[in-house]
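Remarks on the overall topology
Chain by chain, the residues run as shown.
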There are 2 protein chains.
Amino acid sequence: MKELNYNTEDPIAALATGWEESALAVIRTSGIESIELAAAVFSDPDRLLNAAGTTAVYGYIIDPGSGERLDEVVATVFRAPKSYTGENSVEISCHGGIPAVSAVLSSLTGAGFRNAAPGEFTLRAFVNGKLDLTRAEAVHEIVTAKTVKAHSLALNRLSGALERRIDQLKTGILDMISAVELLLDYPEDELDGQAGDYPLNAEDVANLQSAVEKLSDSFRAGKVFRDGVPVALAGRTNAGKSSLFNLLLKEDRAIVSEIHGTTRDYIESWITVKGIPLRIFDTAGLRDSENPIEAEGIKRSGEVIAEAGIVLYLVDSSEGLNAEDAKFIRNFSDPKRLICIWSKVDAASASAPEGFIPLSSLTAEGLGKLEDALSGIALGKKGIEDDVVIDSLRQRDLLNRAAEALLKTKEAVLVEAPLDAVAMELKDALDALGEITGEISSADILNNIFSNFCVGK
Amino acid sequence: MKELNYNTEDPIAALATGWEESALAVIRTSGIESIELAAAVFSDPDRLLNAAGTTAVYGYIIDPGSGERLDEVVATVFRAPKSYTGENSVEISCHGGIPAVSAVLSSLTGAGFRNAAPGEFTLRAFVNGKLDLTRAEAVHEIVTAKTVKAHSLALNRLSGALERRIDQLKTGILDMISAVELLLDYPEDELDGQAGDYPLNAEDVANLQSAVEKLSDSFRAGKVFRDGVPVALAGRTNAGKSSLFNLLLKEDRAIVSEIHGTTRDYIESWITVKGIPLRIFDTAGLRDSENPIEAEGIKRSGEVIAEAGIVLYLVDSSEGLNAEDAKFIRNFSDPKRLICIWSKVDAASASAPEGFIPLSSLTAEGLGKLEDALSGIALGKKGIEDDVVIDSLRQRDLLNRAAEALLKTKEAVLVEAPLDAVAMELKDALDALGEITGEISSADILNNIFSNFCVGK
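What counts, and at which threshold
- Residues numbered from 1 in each chain as written.
- Chains lettered and ligands numbered in written order.
- Predicted model: local features only at pLDDT ≥ 70, side-chain atom pairs only at ≥ 80, totals over all residues.
- Heavy atoms only, no water.
- Buried < 20%, exposed > 50% of the residue type's maximum accessible area, 1.4 Å probe, protein only.
- Helix = DSSP H or I, 4+ residues; strand = E, 2+ residues; numbered from the N terminus.
- Pairing = 2+ DSSP bridges.
- 1 Å grid on protein atoms, 1.4 Å probe; cavity = no way out; pocket = protein on both sides within 12 Å on 5 of 7 lines; lining within 4 Å.
- Points joined across faces, edges and corners; volume = space filled by probe spheres on them.
- Nonpolar A, V, L, I, M, F, W, Y, C, P; charged D, E, K, R; others polar.
- Least-squares fit on C-alpha atoms with pLDDT ≥ 70 in both.
- Contact = heavy atoms within 4.5 Å.
- Buried area = accessible area lost by both parts, 1.4 Å probe.
- Salt bridge = Lys/Arg side-chain N within 4 Å of Asp/Glu carboxyl O.
- Polar contact = N/O pair within 3.5 Å; in protein donor to acceptor, adjacent residues only side chain to side chain.
- Axes fitted to C-alpha atoms, helices over the stretch in contact; angles between N-to-C directions.
- Parallel < 35°, antiparallel > 145°, perpendicular 65-115°, else oblique.
- Left-handed = near helix turned anticlockwise from the far one by under 90°.

Take the pairing of strand E2 (residues 22-30) of chain A next. Residue and element names in this part refer to chain A. Of all nine residues making up E2, nine are buried, and the element is well covered by its neighbours. Note: strand E1 (residues 12-15) against E2, four bridges, orientation antiparallel. Within E2, the position partnered with Ile12 by the bridge is Ser30. If you look at the hairpin formed by E1 and E2, you'll find six residues sitting between the two strands.

Written out as structure tokens, the structure reads:
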């Protein structure tokens, strides 16, 4: 039920690749007349107009007024419904220089394309039935994934794993609704041999409810893999924070650090442990360099520690615990977020106090234990149970609504409540699940979802 | 004459789009077996293997070991010679997330592709006769162009304008060589009616020489459009430097500033005046914020002024010239690089001293004159005479060698020197021009050219 009133005759265009100097850039267009409009600014319009779907055509984007060549391109024609959006579409691969991209975009705008809104291509794909909403959301998640694991979970959703899981749950609910409605439509005296049987049993409903809850709980893991966990390194001066920071960086298997040319701060400061993205803050570094005024530095350190999902507190084993350490550990607000580390064990003789992980940044002794502790706190004890993980607040809220309705159903079944009340709860659960995949959707919901997308997606 | 021993059977792959989160990324491959190798990690290998040239195929890149899907892609197959490199090639358009790109690249490497060196795709295009060297160099210049004008000049070279100009010059020289060699091959007594005529005249040679020199001189304009000109704003505190800076920014017609999402410093600090990229340094800003210690700030300002191609020296017209101003102007090393501005003329009554441009940053009065002065210094009095402009030191040096040989030819013709000596000079000029387009090239020359390219180009 796609009720959205959406005008797909409106031709759109946007840069789909990164906005920086590079060998190539791709400008995506979509809309019923997109091939004709692109042909109007193409050096060989007939070849574009007559191109079969999924065919690449070499030529130039020109200024339609002066005929001046603006850039050399390869334009790939997609014909509805065989395109990303399900509409006619031309993807223009031009040179990746900033003026080249600008000139091609201007020419397309002049020809009648408007700049696409964030996520508008994917919104059209949804409106045209190419994707359900769980897959549409996965598109955004794939692009913003920080780690290989987050990418792989999102790709799994894009491939329809979540949609299929939701469909299974819906089938379970639909079967119950059918059983109930059969009795509602045909009073029991007409149904031979079933007279007196209540059509549902509470255990089946409870199983369904727990499957829905499990999916809702997977949000936490999804969020961890998507957003990562801020980790603060704390401890006295010379407790070994910087050495540990370097060790974690060195042992990092995140593919992003292997690629030549990634120099952004936001990438380099992500560290991956067991596929979980961790953003490490060295509070010592904060105090020493960013804030020359010591008092301000200490304040900032405190804020970082308060906001961190996990705090690593280091104590130099050759110095031993002192009053300052004891006070920090005793006063720490949430012991479940704290990992205490007995550092520099390569040099030390004193054995680690209870609850401390002995660690040497020199020999990497204890690193495995630290990684287990980090992933344990990040994902919870259970970790990820399967590869269908949700990654959107919207999905979680709807799953919770479905779980709530199933709980009420179960309670009604236990007391053999009137069947029309039971049917109403089951239908509410079904609606909530239907909203997840987008069977039921409003313009507001769609705007909410797609406005977070990047332009060109 | 492509003498380079280059193994194009070696399959290469590289990311060709920007390395940042975006809707799409394109990974380019090339090499004789590139289609077969890409098919080995493609979800539907047969469709890729059987795809006609310039056809896009939808599918997944998979891990060939586990069969796990790594990303959803559209792979466009190009079959030799109809491809950028002239070889078989597959361009893979995947999601623009960092882990997606990494996973696809790893899979391709696992399948037997190696990472392409900078410029290697274009080098192959040259080796395979798809481009001459002037066009190959233009590819790099297009990508790194900072302004629409620089892009358009580079695109002109890519379209072959420079190659054609060089060919014209070569034809002129070849005609002269033919005339000389005719007489060398057939002693004059055998040629009826031409006995005693010297086969060349000095004016023709001089015309050719001056055409070569003009092309060589265009290097200056090319460099200005490519690299831009550093411009320093100087003057006493409150001379109006920041207001002028803001005015220049506001009046800037550079397309880059119109695009939503361009937040890089290096883009935002480029200003375009009459198509010329200018990098404006406000020395006041330097002194005030970047260097808290005043002495260091003054030293930095001095360095910026010394290195600037143009210095704008502002004097507040309401304050008038003082000894400090007079000293700066008198001591400035190269008056041709200095533009003196009589600022804040909206508020002032005193008329501008000789040689000063009266300017109001409030009303933009005088801005046109300032822009003329800026482009006059940047490009020289003559500006650009036509749209064939060279943009590489290599090209300029070879043009200078040709011009030198033509000068010697002219001198020899003037004294009716022996024809074999004249022929030798003419051939040297011809060789120099041939080297520009790459008819004559060595591995060293090619390495020099292509190592400046970005990867993926």
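From this point, things continue past the structure.
Our focus in this paragraph is empty space enclosed by the protein. Per the stated rule, a full pass over the model turns up five cavities of 30 Å³ or more. When its volume is computed, the largest cavity comes out at roughly 180 Å³. Within the residue set of the lining of the largest cavity, elements represented by two or more residues are strand E4 (69-78) and strand E5 (89-96) of chain A together with strand E4 (69-78) and strand E5 (89-96) of chain B. Of the residues contributing to the lining of the largest cavity, the split by class is seven nonpolar, four polar and two charged.

Our focus in this paragraph is the relation of the copies chain A and chain B. With an RMSD of 0.1 Å, the operation that places chain A on chain B is a rotation of 180° combined with a shift of 0.0 Å along the axis. Here the copies are linked by what is in effect a two-fold axis. A share of 100% of interface residues in chain A that are also interface residues in chain B marks the association as one of identical surfaces.

Moving on: the side chain of Ser375(A). Residues and elements named next belong to chain A. Tracing the chain through its elements places Ser375 in helix H14 (residues 367-379). For Ser375, a relative accessible area of 13% gives the class buried. Those residues in contact with Ser375, other than ones at most four positions away along the chain, are Lys274, Ile276 and Gly380.

Listed by partner, the interface residues are 56 residues for chain A and 57 residues for chain B. In this assembly, chain A packs against chain B so that about 4,400 Å² is buried in total across both faces, 63% of it on carbon and sulfur atoms. Together, Trp19(A), Leu24(A) and Pro99(A) form the three largest contributors to the area buried by chain A at its contact with chain B, with a combined 14%. Counting the contacts that link chain A with chain B gives zero salt bridges. At the surface where chain A touches chain B, the tally comes to 17 residue pairs in polar contact (both at pLDDT 80 or more). The leading source of residues in the side of chain A that touches chain B is E4(A), at seven residues. Residues of the side of chain A that touches chain B, tallied by class, amount to 27 nonpolar, 18 polar and eleven charged.

Residues and elements named next belong to chain A. One can find Ile27 in strand E2. Assessed through its relative accessible area of 0%, Ile27 is described here as buried. Not counting residues up to four positions away in its chain, the partners in contact with Ile27 are Ala14, Leu15, Val90, Glu91, Ile92, Cys94, Val101, Val104, Leu105 and Leu108.

All names here are of chain B. Helix H16 (residues 419-437) packs onto helix H15 (residues 393-414) with a crossing angle of 165° between their chain directions and a minimal axis gap of 8 Å. By the angle between their directions, the pair H15 and H16 is classed as roughly antiparallel. The chirality of how H15 crosses H16 is left-handed. Taking contact as the criterion, the partners of Arg394, Gln395, Leu398, Leu399, Arg401, Ala402, Ala405, Leu406, Lys408, Thr409 and Ala412 in H15 are, on H16, Val422, Glu425, Leu426, Asp428, Ala429, Asp431, Ala432, Leu433, Glu435 and Ile436. Considered class by class, the residues forming the contact of H15 with H16 number twelve nonpolar, two polar and seven charged.

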